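Notes for the structure review
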Amino acid sequence: MTFRLLVLLLVFMLGCVCAAAQSEKQLLFNVAAKPSATPAASPDPSGNNKRTSEDDSGARADAAARSSQQFRLERMQLSGGAELLTIFARLDGVNSAGDNNAEVPLISVVRDTLSDSNSENDRLRYVWMLSYTRPNLMKRLASAIPFLYQHVGNQTKASNGSPKPIIDLANAHRQMWNRFLWMGVQNIVLDSYGLPIKASTRTYRRNAKDYRAGHVLQALSILDNYEHIRSHRREEGELLAFAPPQIDIESLGASTVVDDAPKPVVGAPAGFSPGEMLELRARLILSSKTFGGLLGPERFHSTVARRLISSIDTSGHNWELLRQRAETEGLYFEPLTMPDGQATHAIIWIAKSDLAAPPDRPFQARFLNIANPWKDQRLRNWNGFSRTVYFDRDNRRVDAANPDAHAVEMIPLALYGLDHPMIPALLIDFRNGLNPKKREMSRRFFSDVAKDALSLSSLGNFPYFVGRRAYEFVTGRRGMDVNQPTRLRSYSELKLLLSFNGSIEPKLREEIERRVQNVSVNPLNNDNETEVRLARQQYDALMNYARCDDGLPAKIDRDRRAEMMPLKHGKTGRFFLNLANVLSFGRYVHREDATAEMYSRLEVARRLEYHTNFLKQVARSSPQAEVAWDIGTVKQSLQFLVADGAGASGSTAKAAAAIFERTEDADAKQLCLDALSKINNRTARAELLGIYERESQAELRAQIGERLRKAIGSDPRIKPSETRTVLNQLGQP
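Below you will find a few notes about this structure. Here the structure is a predicted model, which is why all the values come from computation and not from measurement.

Things to note about the packing of aromatic side chains
For any pair of aromatic rings, geometry is given as the distance between the ring centres together with the angle between the planes. Across all of its chains, the model carries 16 aromatic pairs by this definition. Here the aromatic rings of Phe575 and Phe576 are separated by 5.3 Å at their centres, their planes lie at 80 degrees, and the arrangement is edge-to-face. Joined through ring pairs, the aromatic side chains of Phe147, Tyr149, Phe445, Phe446 and Tyr471 make up one cluster. Positioned over the ring face of Phe88 is Arg72, at 4.2 Å from the centre of the ring. The side chain of Arg701 reaches across the aromatic face of Tyr692, ending 4.2 Å from its centre.

Following this line, the structure appears as structure tokens:
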């Protein structure tokens, strides 16, 4: 038993899950104009804390202008026909703290180009969130201690070797199956060793999952800001492009490309095409879903759109809740925005002069979730951070040089996350550090006690299921800040905001960063300064790994040979080879020999996948293909199927048949029929037969009938039953 426990402990300590990424946002100080003569009065309704559409659009435009040089993109050519794209950000918050080299690498992505200039066969692969690193031994041990909801220090050095990618875009399904496999190991094997092993391993897996999720959320926030800012500066033609312009990769060399010019250079590719940026964001979002790895490109647009709409709606809803509550209580509301102008957080302030009145003013803590500031003697003798702002006689915010200006000392009360479901999430209480932490811990604590200590589950214990659902319904419906979804996203974005924003006072930034770490419930987390240092260390390690011929280029070559496996093996062979990969925890990967013929087939397979995805998008988007799409581009994809579509899937055949029904272009219709004849699988023949039955033109019906007869006569693999069915429906020629 002792030996088995030691082996399990060793496996557990070596099983790595990583995370970390960071950068941050921008601050728009928008203090509400509020009369200070009467303590009980609310802020002036005409004050600038009211958000109008003009103010909102103006704030976004100003933020975009200030951040026009916020990001740049570096491109590094790799030997073997690939490139490494890295997004750098100017971290003004870090620079204001005394770091003269505030530009930090944040995200790196590999694009496998197969050594040519044809973007149709390009494939994005690994994504590195450069502040996401393998935890050291001390942090792993701390993260396995049950009910330790505390930050335990920072990791001073990144792990040795190459950084670990946060996701492999080309093998999202493999990561999903590995997650299910570890879940089975946890429930079947580890849980059977008793409560200590069960609680420790579950706690470690939970912390590791949250650590990775926090960096995935940061990566998404960075990509959202990068794309939003860049979309304001690029030409309309680029917005409509499905892929970057074709260029001569050989002529680029190992160069650096800056992707922050007001207009793109003619002939130079964008850092990421709209389609690639969509794939990046969608795959990161889907990586948190249970079966997200099984979803294909057809779900990318809806996935990203839903997240953006939900984020905007939630932020706007919480903005109004918090602003109106602050006005009612006579407090000041200040929204904080990301570089793209999206408000994600807000600070509530109180004027020290208002505290001179008798402390009998009523206070409702609904949505604010802080103690009554009017009765707090500490605020009257406040020695923490405060800020001086100036108002004129009409209580409008002005500069100190204004002759009518009078100074008002402002004290911060609390900081909230706006992009949080149901209610504004209290992230920092400047008077009570335990207030937000106990709210963040509530859901986690109840879950750990039930699952790890009491071994209760919703599936196996009906009373627990009913009680839990009732409790979640009440707390969620009433918007109580207990048992709410985790503040992980809000805290992750707050760390980015602090790094991006150089206008926040250094003392206020230090105070916020310190309190963020105190609220953290995950021992694997690091503070901002540490994550910036880790990102630079890991970028250097990644560059060394990329320059070494037996490093990243060799890994990409192995990935290509593994990608060739479906081109050589049938369904049965692929099933057993994939099963071996899953059962070996990904250690065994079958790879083919990299011959010229296999590379040629791989290039055709990638282009076929590209055109298939495009035709599926055309087939789904509009009842009339010519209205929503350039019919010339659609014809090019159909022509590729006619030339090289023999190995296309049934879904490709359905897309071609759907386009046949949704276009009036005679050439496009003919190409659809030619593509279906070239594919010539069971689905393609069924689609041809369906078109034959629906078609009213005798000449076209005769042509389709002849195609079907030729198809079933030229393929000996077709079953006699299918042949009889087709001939019976076609009749005699």
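Picking up where we left off.
Points about the packing of helix α24 (residues 666–679) against helix α25 (residues 682–694)
Look at α24 against α25: their axes get within 8 Å of each other, and the N-to-C directions meet at 145 degrees. Relative to α25, α24 is oriented so that their crossing is left-handed. Within the contact between the two elements, α24 uses Leu673, Leu676, Ser677 and Ile679 and α25 uses Ala684, Glu687, Leu688 and Ile691. Within the contact of α24 with α25, the residues separate by chemical class into six nonpolar, one polar and one charged.

A closer look at the pattern of salt bridges
According to the stated counting rule, one finds 43 salt bridges in the structure shown. Where Arg515 meets Glu511, a salt bridge forms, and the shortest distance between an N and an O atom there is 2.7 Å. Pair noted here: Arg515 and Glu511 are both in helix α15 (residues 506–519), with a separation of four residues, about one helical turn. Salt bridges sharing partners connect three or more residues here, namely Asp112, Arg123, Arg560, Glu563, Arg606 and Glu609.

Quick look at the sheet that holds strand β6 (residues 167–168)
To summarise the sheet geometry, strands pair through backbone hydrogen bonds and adopt either a parallel or an antiparallel arrangement. Read from one edge of the open sheet, five strands run β2-β3-β4-β5-β6, paired in antiparallel fashion. Here the strands that pair on one side only, and so sit at the sheet edges, are β2 (71–78) and β6. Here strand β3 (residues 82–90) pairs with strand β4 (residues 103–112) via nine bridges, running antiparallel. Bridged to Glu83 within β4 is Arg111.

Side note on a positive patch on the surface
A grouping of Arg179, Arg205, Lys209 and Lys451 is seen on the molecular surface, where their side chains present a positively charged patch. Here Lys209 shows up in helix α6 (residues 195–231). Taking the relative accessible area as the measure of exposure, Lys209 reaches 60% and is therefore exposed.

Concerning the packing of helix α5 (residues 172–188) against α6
α6 packs onto α5 with a crossing angle of 160 degrees between their chain directions and a minimal axis gap of 10 Å. The orientation of α5 relative to α6 falls into the category roughly antiparallel. For α5 against α6, the interelement crossing comes out left-handed. Contacts between α5 and α6 involve Trp182, Met183, Gln186 and Asn187 on the former and, on the latter, Lys198, Thr201, Arg202 and Arg205. Looking at side-chain class alone, the contact of α5 with α6 contains two nonpolar, three polar and three charged residues.

Side note on the nonpolar core
Counting 59 residues, the largest nonpolar core has Leu84, Ile107 and Phe272 as the members making the most contacts within it. The element that contributes the greatest number of residues to this core is α6, accounting for 10 residues. What Phe272 contacts, discounting residues up to four positions off in sequence, is Leu73, Leu85, Ile87, Val109, Arg111, Tyr226, Arg230, Met277 and Leu280. Grouped together as the second largest cluster of nonpolar side chains are 33 residues, Ala625, Leu641, Leu688 and Ile691 included.

Let's talk about the pairing of strand β8 (residues 343–351)
Within β8, nine of the nine residues are buried, leaving the element largely enclosed by the surrounding structure. The antiparallel pairing of strand β7 (residues 332–337) with β8 creates a hairpin that spans five residues between the two strands, and Gly341 there sits at a positive phi of about 95 degrees. Sheet topology places β8 next to strand β11 (residues 406–417); seven bridges connect them, and they run antiparallel. Bridge pairing in β11 links Ile350 to Ile411.

Definitions and cut-offs
Residues numbered from 1 in each chain as written. Predicted model: local features only at pLDDT ≥ 70, side-chain atom pairs only at ≥ 80, totals over all residues. Heavy atoms only, no water. Phe/Tyr/Trp six-rings, centres within 6.5 Å; stacked < 30°, edge-to-face > 60°. Lys NZ or Arg CZ within 6 Å of the ring centre and 35° of its normal. Axes fitted to C-alpha atoms, helices over the stretch in contact; angles between N-to-C directions. Helix = DSSP H or I, 4+ residues; strand = E, 2+ residues; numbered from the N terminus. Left-handed = near helix turned anticlockwise from the far one by under 90°. Contact = heavy atoms within 4.5 Å. Nonpolar A, V, L, I, M, F, W, Y, C, P; charged D, E, K, R; others polar. Salt bridge = Lys/Arg side-chain N within 4 Å of Asp/Glu carboxyl O. Pairing = 2+ DSSP bridges. Patch = residues over 30% accessible without salt bridge, like charges linked within 9 Å, V, L, I, M, F, W, Y side chains within 5 Å. Areas by Shrake-Rupley, 256 points an atom, 1.4 Å probe, with all protein chains shown as cover. Lys, Arg positive; Asp, Glu negative; His and termini not counted. Charge placed at Lys NZ, Arg CZ, Asp CG, Glu CD. Buried < 20%, exposed > 50% of the residue type's maximum accessible area, 1.4 Å probe, protein only. Parallel < 35°, antiparallel > 145°, perpendicular 65-115°, else oblique. Core = buried A, V, L, I, M, F, W, Y, C linked by side-chain atoms within 4.5 Å.

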